[in-house]
Amino acid sequence: MRSIRPRVTLCATLLLAASHLASSLEVPQVFKNTNLLRTIDASKAYIRETIAVIIENTSDKPQTEYYLPLSVPGSSAVSFVECKDKKEGTPCKAEPVEDSSDYPVKYYKITLPATLKPKGQVTLAISASITGALEPIPAVIGQSDKQFLSYTGYRYVPTAYLTEKQKTKFRAANGEIPDYTEFGGKDVEKSGYTVTYGPYDDKKAWSSDSTPETFTIRFEFTMPIIYMEKLERDIEVSHWGNNLAFEERYWMTNNGAKLRDQFSRLTWATTSYYNPPTAAIKSLLFPLRSGSKDAYYTDEVGNVSTSKFRSDSREAILDIKPRFPIFGGWNYSFVVGWNNDLPDYLRKSKGDGYILKVPLLQGPSQSTSYGSVEVRIILPEGATDVTYSAPFAIDKEERSLHKTFMDTLGRTTIKLTVNNVVDELKNRDIINKLAPEVNRILFVKNLRFVVPSAHRVRTRPTERTHLTYEPPTNLRSITSYQVSSEELFDLFGKFGPIRQIRQGIANNTKGTAFIVYEEVGDAKTACDKLNGFNFQNRYLVVLYHQPEKMARSEKDLAQRQEELEKLKKQHGIE
Amino acid sequence: MSSPTLELWNAAASSPFSPVIGKSLHATVAFILLAIGAVLTIIFSINKSLVLAPAIAFPASVAFGLGSVYALAAGGVYV
């Protein structure tokens, strides 16, 4: 049965090929995909699709352009696509092909980092973020009910070329996956967090005329789906005040399952003692650059006092709690802002002029997607010839003068608009270069901002790189002696995606476990909530894992023992 | 992974922006400038004459102007 089906699909595809080519994008068949692995990661509030593919040039000419269709059914949309040569690590350009006739897929043209000779092979790692692809089912839930999301995708990866071998891995937010399409149990495997489809051999290129098979997976999602309908971010340079001011105005919605009944404050207050996972937005954690100060948090009513701000030489964290928990379908708008010292962000260029380097997008540590982001960079009055180099594609750019009091002409302002953004792009810097020109009343030297073409300031910010300037994210807990790692996953996974759990088995490490979270914010929540939690009749002790501190205390112990020996000798005690 | 702008930024590492007056001095400078402004204004108001205007009134308004910029900065309004 299994061997017949692909052939049937193949025949149908061939019959329809002629009409298909006339109506939509014609991709020259110059490649084949030797091996393809697609990973669909649904552990965030949006989909992250990663495709690792070995491509081979089957034509007799060198090739540089590779096409890739991404499925965007319904209201979903591709936020961004990045690509690199997996072995060399060199990035390659991925740009959308403006052709809407191929719905529900969208083609991307990838320019290979180097020309591929006939018969040559290269491994590409393509990652894309897709928003709006997750649907809560049931769409309406009770206040303390679990939230489930559903994802529908194609069983065979849509490709523009023949694919010899392929496999699809779906990674859910946690191990609770009540429903998934099984296709009669063949080539489908569920283990822990993942459902794997494949391997499948020799699948034809995508054709919009055939109806492809789809799979649907429904999984538990214990976090809210944070969606910022709009974000207005102002970055204001004050050379008089030696200050860089940030202000962010958010219009937030929880896109998760809607609340069925009226909100019960009593239930909320009684259950919050146990801190169950909830699909409501309770708090947001903003990891800011170190050196940030004077943070504030207000909303339409005024100052909101339920916020914490911690700033030291290593980090600055703004932890805000909205006035009420934001359930599915609820809205909340708020403003946060903070200051930084200017010399960390503004430098005098070697020639003339100045260079400004600021993060284009920051935002909360919880996974977030944005409808539209408007960043205004307000430069000092008299700054001219400003150019910028943005870390990701900008949809719209406007230049104007922004007048505040004490200005005569108004300040040079660049407004950059980006639509459909995901938080993976945050903390990338935009660089503005300014050439010199005599500034009017204010600056004696003056500014002229020049900035070249687009580039990437950093490599793709995986969570790992993100963590490099975060506090230690490892959590150490002392657990009961007979705990399986599944149980630990269940408990600790409620606070966010876990990268790794390591349990001690030796005698001196028995009853301890190291849990590594993908996100530092999740580790913090877990530490706060689970310390002292009664788990299998034992109380958990949850601590941050701090290797330096542990090493120090070991050294102390050795020193103290030495002193003890000395004292013993002095007093003649054996 | 670098680009012309990033190289430019790195090349300028030794010359960060240096303000005329740092944040810690805003309040002091504002007070001194406003005080000078006030004193000169009082002196000028006692004996108003065109001859004295460039010598007293002009410095007074400059001191007031710059003083108010630093007073705002000292208060956290970074204009």
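Everything numeric here is computed off the predicted structure, so don't read it as measured data.

What counts, and where the lines are drawn
Residues numbered from 1 in each chain as written. Chains lettered and ligands numbered in written order. Predicted model: local features only at pLDDT ≥ 70, side-chain atom pairs only at ≥ 80, totals over all residues. Heavy atoms only, no water. Helix = DSSP H or I, 4+ residues; strand = E, 2+ residues; numbered from the N terminus. Rg over C-alpha atoms; globule rule 2.2 N^0.38 Å. Contact = heavy atoms within 4.5 Å. Areas by Shrake-Rupley, 256 points an atom, 1.4 Å probe, with all protein chains shown as cover. Domains from an automatic or database assignment. Buried area = accessible area lost by both parts, 1.4 Å probe. Polar contact = N/O pair within 3.5 Å; in protein donor to acceptor, adjacent residues only side chain to side chain. Salt bridge = Lys/Arg side-chain N within 4 Å of Asp/Glu carboxyl O. Buried < 20%, exposed > 50% of the residue type's maximum accessible area, 1.4 Å probe, protein only. Core = buried A, V, L, I, M, F, W, Y, C linked by side-chain atoms within 4.5 Å. Disulfide = S-S within 2.5 Å. pLDDT = per-residue confidence, 0-100. UniProt positions renumbered as here; feature names shortened; annotations may be inferred. Nonpolar A, V, L, I, M, F, W, Y, C, P; charged D, E, K, R; others polar. Pairing = 2+ DSSP bridges.

So, the overall build of chain B
So, step 1. Regarding its fold elements, chain B presents 3 helices and 0 strands.
So, step 2. Taken from N to C terminus, the helices and strands of chain B fall in the order α-α-α.
So, step 3. Expected size for 79 residues packed as a compact globule is a radius of gyration near 12 Å; at 20 Å, chain B overshoots this value by more than 25%.
So, step 4. Overall, chain B is about 70 × 25 × 20 Å in size when its C-alpha atoms are taken along their principal axes.
So, step 5. Relative to all contacts within chain B whose residues are 6 or more apart in sequence, the contacts with residues 24 or more apart total 64%.
So, step 6. Accessible area of chain B: about 4,500 Å², with a carbon and sulfur share of 75%.

A few points about the domain arrangement of chain A
All names here are of chain A.
So, step 1. If you check the domain split of chain A, you get domain 1 (24-220), domain 2 (226-259 + 266-434) and domain 3 (441-570).
So, step 2. Spacing between the C-alpha centres of domain 1 and domain 2 amounts to 32 Å.
So, step 3. Tallying the contact residues gives 20 residues for domain 1 and 20 residues for domain 2.
So, step 4. Buried area between domain 1 and domain 2, summed over both chains or domains, comes out near 1,600 Å², and the portion from carbon and sulfur atoms is 52%.
So, step 5. Area buried by domain 1 at its contact with domain 2 is led by Tyr46, Phe80 and Gln143, which between them contribute 33% of it.
So, step 6. Scanning the region where domain 1 abuts domain 2 turns up 10 residue pairs in polar contact (both at pLDDT 80 or more).
So, step 7. Contributing elements (two or more residues each) for the side of domain 1 that touches domain 2: strand S4 (77-85), strand S7 (121-131) and strand S9 (140-141).
So, step 8. When residues of the side of domain 1 that touches domain 2 are assigned to their parent elements, the largest contribution, 5 residues, is made by S4.

Describing the pattern of salt bridges
Oppositely charged side chains can pair when the atoms bearing their charge come close.
Residues and elements named next belong to chain A.
So, step 1. Counted by the stated rule, this structure contains 26 salt bridges over all chains.
So, step 2. Taking the shortest distance from any N to any O, the salt bridge between Asp179 and Arg218 comes out at 2.7 Å. Residue Asp179 is located in strand S12 (residues 179-180), and its partner Arg218 is located in strand S15 (residues 214-220); the two are separated by 39 residues in the primary sequence.
So, step 3. Take Arg218: its relative accessible area is 19%, and that puts it in the buried class.
So, step 4. Its salt-bridge partner being Glu232, residue Lys230 comes within 3.0 Å of it at the nearest N-O pair.

Remarks on unusual backbone geometry
Residues and elements named next belong to chain A.
So, step 1. A cis geometry characterises the amide bond from Ile137 onward to Pro138, with omega recorded as 0 degrees.
So, step 2. Within the secondary structure, Pro138 sits in the loop between strand S8 (135-136) and S9.
So, step 3. In this model, Gly198 is joined to Pro199 through a cis peptide bond whose omega is 10 degrees.
So, step 4. On the secondary structure map, Pro199 appears in strand S14 (residues 194-203).
So, step 5. In this structure, Lys119 takes a positive phi of about 70 degrees despite not being glycine.
So, step 6. Within the fold, Lys119 resides in the loop between strand S6 (105-116) and S7.
So, step 7. When its relative accessible area of 68% is taken as the criterion, Lys119 is described as exposed.
So, step 8. Positioned with a positive phi, Phe183 is a non-glycine residue whose angle comes to about 50 degrees.
So, step 9. Tracing the chain through its elements places Phe183 in the loop between S12 and strand S13 (188-191).

Examining the nonpolar core
All names here are of chain A.
So, step 1. Tyr66, Ile110, Leu124 and Phe219 are the most contacted members of the largest nonpolar core, which has 58 residues in total.
So, step 2. It is S6 that contributes the most residues to this core, 6 residues altogether.
So, step 3. Those residues in contact with Phe219 that lie beyond four places of it in its chain are Ala42, Leu134, Gln147, Phe148, Leu149, Tyr151, Phe170, Ala172, Ala173, Glu176, Ile177 and Pro178.

Some thoughts on the state of the cysteines
Residues and elements named next belong to chain A.
So, step 1. With the rule as written, the count across this model stands at 1 disulfide over all chains.
So, step 2. A sulfur-sulfur distance of 2.5 Å marks the disulfide that ties Cys83 to Cys92. The sign of the S-S torsion, about -50 degrees, decides the handedness of the disulfide formed by Cys83 and Cys92: left-handed.
So, step 3. On the basis of relative accessibility, which here comes to 5%, the residue Cys83 falls in the buried class.

Overview of the confidence of the model for chain B
So, step 1. In the predicted model, chain B carries a mean pLDDT of 88, and 97% of its residues have values of at least 70.
So, step 2. What the predictor reports for the complex is a pTM of 0.72 with an ipTM of 0.88.

Thoughts on the UniProt feature "transmembrane region" (unreviewed entry) in chain B
Residue and element names in this part refer to chain B.
So, step 1. Here, the residues flagged by UniProt with the feature "transmembrane region" (unreviewed entry) are residues 25-44 and 51-73.
So, step 2. Helix makes up 95% of residues 25-44 and strand 0%. Its end C-alpha atoms lie 28 Å apart.
So, step 3. End C-alpha atoms of residues 51-73 are separated by 34 Å, and the span's content is 91% helix alongside 0% strand.

Notes on the interface of chain A and chain B
So, step 1. Contacts between the two partners involve 40 residues from chain A, matched on the other side by 28 residues from chain B.
So, step 2. Considering only the surface of chain A that becomes buried against chain B, A:Trp240, A:Arg347 and A:Met406 emerge as the three largest contributors, covering 25% of it.
So, step 3. Joining chain A to chain B, the criterion identifies 1 salt bridge.
So, step 4. Linking chain A to chain B there are 6 residue pairs in polar contact (both at pLDDT 80 or more).
So, step 5. Those elements that place two or more of their residues in the side of chain A that touches chain B are strand S16 (226-238), strand S20 (293-299), strand S23 (331-341), strand S24 (346-348), strand S25 (354-359) and strand S30 (429-434) of chain A.
So, step 6. Here the side of chain A that touches chain B gets 4 residues from one element, more than from any other, and that element is S25(A).
So, step 7. Looking at the side of chain A that touches chain B, its residues break down into 16 nonpolar, 11 polar and 13 charged.

A short note on the side chain of B:His26
So, step 1. Take B:His26: it is sitting in helix H2 (residues 26-46).
So, step 2. In this view, B:His26 contacts A:Trp240, A:Gly241, B:Ile21, B:Tyr70, B:Ala73, B:Ala74 and B:Tyr78; residues no more than four positions away in its chain are not counted.

Things to note about the sheet that holds S12(A)
Residue and element names in this part refer to chain A.
So, step 1. As summarised here, the arrangement of the 4 strands in space is S8-S10-S15-S12, forming an open sheet in which the pairing is antiparallel. Both edges of this open sheet fall to S8 and S12, since each of them pairs with a single strand only.
So, step 2. Both strand S10 (residues 148-154) and S15 contribute to a ladder of 7 bridges, which runs antiparallel. In the strand pairing of S15, Tyr154 is matched with Thr214.

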